[in-house]
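# Understanding the architecture of this molecule
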Amino acid sequence: MSDIPTSPQSIIVTGDVTMDWHIVTSPVHTENQAVWSPSRWTRACWQRGGAALLADLIEAVTEELSEDAEQYTVLQVAAPRSSVHPNDRRFHHAYALWSPVQQDGESAWRVAEYLGLDRSQKPDVSQDWEYVRNDTTEASIVILDDADLGFRDHPELWPKAIAPEARPSWIVLKQARPIAEGRLWRHLHEHHADRLIVVLPVEDLRRTEVHISRGLSWERTAQDIAWELIHNPQINGLSSCAHVVISFLTAGALLFSKLGQDQVQSVPACYLYFDPHFIEGMFQQQYPGQMIGYTTCLTAGIARHLILAPERPDVRQGIKSGLSAARRLHIGGYAMEADEGAQLSFPTRAIADKLRNKRTTFAEVEVQDPVRFLRLPEGVHGKRTAGRRWTILKDRYQADLDWVAERIVYEGADSVLQDVPQGRFGHLLTVDRQEIESFRSIHALVAEYLSRERRKRPLSIGVFGAPGSGKSFGITQVARSLAPGQIEVLEFNLSQFEAPHEIS
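In this report, we go over the structure that sits alongside the text. (Residues numbered from 1 in each chain as written. Predicted model: local features only at pLDDT ≥ 70, side-chain atom pairs only at ≥ 80, totals over all residues. Heavy atoms only, no water.)

## Digging into a nonpolar patch on the surface
This is how the line gets drawn: Surface patches are drawn from residues lacking salt bridges whose relative accessible area is over 30%; two like charges belong together within 9 Å, two nonpolar side chains (Val, Leu, Ile, Met, Phe, Trp, Tyr) within 5 Å. Accessibility throughout is a Shrake-Rupley quantity obtained with a 1.4 Å probe, and a residue counts as covered only by protein chains that appear here. A side-chain nitrogen of Lys or Arg and a carboxyl oxygen of Asp or Glu constitute a salt bridge if their distance falls within 4 Å. Only DSSP runs of H or I reaching four residues or more are called helices, and only runs of E reaching two or more are called strands; each is numbered from the N terminus. Burial here depends on accessible area, computed with a 1.4 Å probe over protein chains only, as a share of the maximum for the residue type. Under 20% is buried, over 50% is exposed, and the range in between is partly exposed.
On the surface, L445, L459, I461 and V463 cluster together into a nonpolar patch covering about 270 Å² of accessible area. Topologically, L459 is positioned in the loop between α12 (433–451) and α13 (471–482). On the basis of relative accessible area, L459 is assigned to the partly exposed category, the value being 32%.

## Observations concerning the side chain of H243
How we decide: Any N or O atom pair separated by 3.5 Å or less is treated as a polar contact, with the protein-specific requirement of one donor-capable and one acceptor-capable atom, and with residues adjacent in sequence counted only for side-chain atom pairs. Residues count as neighbours in contact if any of their non-hydrogen atoms are within 4.5 Å of one another.
Within the element layout of this structure, H243 appears in strand β10 (residues 243–247). A distance of 2.8 Å separates polar atoms of two side chains, one belonging to H243 and the other to S257. In this view, H243 contacts W170, L196, I197, V198, L255, F256, S257, L259 and V315; residues no more than four positions away in its chain are not counted.

## Looking at the sheet that holds strand β2 (residues 17–25)
For sheets, the rule is that strands pair by backbone hydrogen bonds, running either parallel or antiparallel. Test applied: The pairing criterion is simple: DSSP has to find at least two bridges between the two strands. Whenever a helix is involved, its axis is fitted only over the stretch in contact; in every case the axis is a line through C-alpha atoms, and angles between N-to-C directions fall within 0 to 180 degrees.
The strand order β3-β2-β5-β6 describes an open sheet built from 4 strands, whose pairing is mixed. Of all strands in the sheet, those bounded by a partner on one side alone are β3 (42–50) and β6 (106–118). Going from strand to strand, the sheet's axes swing by 30 degrees on average, the running direction of each strand aside. As judged from the 9 bridges shared by β2 and β3, these two strands associate in the antiparallel manner. The residue bridging T18 from the neighbouring strand is G49, located in β3. Lying on the sheet, helix α1 (residues 51–65) is in contact with β2 and β3; it crosses β3 at an angle near 75 degrees.

## Some thoughts on the pattern of salt bridges
A pair can form between side chains of opposite charge whenever their charged atoms are brought close. Counted according to the given criterion, the structure contains 23 salt bridges. Notably, a salt bridge pairs R48 with D56, separated by 3.0 Å at the nearest N-O pair. For R48, a relative accessible area of 4% puts it in the buried group. Salt-bridge contacts for R90 lead to D88; the nearest nitrogen and oxygen are separated by 2.8 Å. Under the relative-accessibility criterion, R90 is labelled partly exposed at 38%. Here the salt bridges share partners, and the residues they tie into one network are R48, D56, E59 and R81.

## Observations regarding the environment of R328
For R328, the location among the structural elements is in helix α7 (residues 315–332). The spacing of R328 and R177 is 151 residues in sequence and 25 Å in space, taken between C-alpha atoms. If near-sequence neighbours (up to four positions away) are discounted, R328 is found in contact with G333, A350, I351 and K354.

## Thoughts on unusual backbone geometry
Here the amide bond leading from R177 into P178 is cis, since omega sits at -5 degrees, within 30 degrees of zero. Note that P178 resides in the loop between β8 (170–175) and α2 (183–191). Phi is positive for D148, which is not a glycine, with a value near 60 degrees. Mapped onto the secondary structure, D148 falls in the loop between β7 (141–146) and β8.

## Re the pairing of β7
Of all 6 residues in β7, 6 are buried, a share of seventy percent or more. Burial along β7 is two-sided: I141, I143 and D145 and V142, L144 and D146, pointing in opposite directions, are all buried. Across 5 bridges, the pairing between strand β1 (residues 9–15) and β7 is parallel. The residue bridging V13 from the neighbouring strand is I143, located in β7. Examined bridge by bridge, β7 and β8 share 6 bridges and lie parallel to one another. From the neighbouring strand, I141 faces β8, where its bridge partner is W170.

## Some thoughts on the packing of α12 against α13
As a reminder, the rule being used: By the definition adopted for this analysis, an angle is roughly parallel if under 35 degrees, roughly antiparallel if over 145, roughly perpendicular if from 65 to 115, and oblique otherwise. Each helix crossing is assigned a hand: it is left-handed if the near helix lies turned anticlockwise from the far helix by less than a right angle, otherwise right-handed if that turn is clockwise.
Remark: α12 packs on α13, axes separated minimally by 9 Å, with the N-to-C direction vectors making an angle of 45 degrees. What the angle tells us is that α12 and α13 run oblique. By crossing handedness, the relation of α12 to α13 is classed as right-handed. When α12 is examined against α13, the residues F439, I442, H443, V446, A447 and L450 are found in contact with a partner set consisting of G474, I475, V478, A479, S481 and L482.

## Re the nonpolar core
Looking at soluble globular proteins, one finds that nonpolar side chains tend to be buried together. The criterion, for reference: Buried Ala, Val, Leu, Ile, Met, Phe, Trp, Tyr and Cys residues form a nonpolar core when they are joined through side-chain atoms within 4.5 Å.
Counting 54 residues, the largest nonpolar core has I58, W98, I143, V245, I302 and I319 as the members making the most contacts within it. Ranked by the residues each element gives to this core, the list is headed by helix α6 (residues 294–308), at 9 residues. Ignoring any residue separated from it by four or fewer positions in sequence, one finds W98 in contact with H22, I23, V24, T25, W109, R110, V111, A112, M291, I292, Y334 and L344. If you look at the next biggest cluster of nonpolar residues, it comprises 48 residues, including A161, L173, A222 and A226.

## A closer look at α6
The cut-off we apply is this: Expected helix span is taken as 1.5 Å per residue step, with the number of steps being one fewer than the number of residues.
For α6, with 15 residues, the first-to-last C-alpha span of 22 Å sits near the 21 Å given by 1.5 Å per residue. Judged by how many residues are buried, α6 sits mostly within the fold: 15 of 15 residues are covered.

If you want it as structure tokens, here you go:
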């Protein structure tokens, strides 16, 4: 497949726009911070946010693709390209406090605290700048950023290319909570579901009436989401879309797809993209701080492959490229030039360059239907297997796990189990789904206990198993991985007690 399409395309990018204000301060030194010091500085850096930021990134992607020819036109709203005043009530103003994080000899600017949103006080009448400039019904790709800041409820702002009679190749809806609600969603679901790709963060999905586990195992979370998308009436309208992409920020993503390579599939497919070494939330623990733009990177990665091949886009590669770009964004942080008075800004060019790189650390696996074995009658495969748990480990190595264990001894787990989720807790490594979920449950329990300001009694955990099975070692490693050097373990062997009063 050629990387340059043969015919020009119009791409519309519109939606909710914010004026983002990045509050940055000089690094804190050991001097007394309670008094004024002329050596310290604070700066408010302005940047276009929301749909405008996404449009800027899509423009950078198309510029890279159009190096040899003028192939693309990106149409967007006329949001300001130079700094506005924080009191300009025409716009939503979003604020965040940023600080430089030192790690591995490098410094990265990341969000230390989100300070909230100052909503627009404009009258309930759409303004000229909110309309797509040179709007057309002939756009081949439409990308909508719906942050529930008003765009979803104002049809006059919607581009002509999503009218009921219009037929763009693809519509990408980057949606925030509430999910699968509002006038825009109902319109797209009714008229364009067969060409609609919805991209949303898992946390916004969790704030809906769904039950999705967090941080236990990739298998559990993926099957929870698959179940909810099919069976939960609050959100199962999503399952009629061409593709639904659910982001786990820098950790991975899930693709629920009604379309195969060539046609509509009778049974939707579900794919998980994950980092074997990190479960949801763990990556940010190693690289402290937050970032604005994770889902923007993922959306741009998908859009890039829609632009490259509208007839047969490689959405799966787009997801992996988008995840790699989101991770690059988090590790590198926002861009701050060294010169005095420099502004903090989204690293648009660096992210666009990352999106063109097909190399990725993310593994891919098809998620097993969570009710697959519930539908099997008695006698199939010998006996009913309703209680069987799907594991990525057994998917990868169906023949002989003993052989895998032998290779791990000789070659090491990282060499053998490159695409299998791993649970690491200090010096403990496990690849068994049940063990991973059990240890991560204990990990969450201990973390909650440590977060309490007042702890009146010690945390007691009962562990049962055969002698020498690693009970004490496992629990100790989980606890110490949370707070190295700060936890005292008191171990008692219940099998040696003769009476209940010995427990106390």
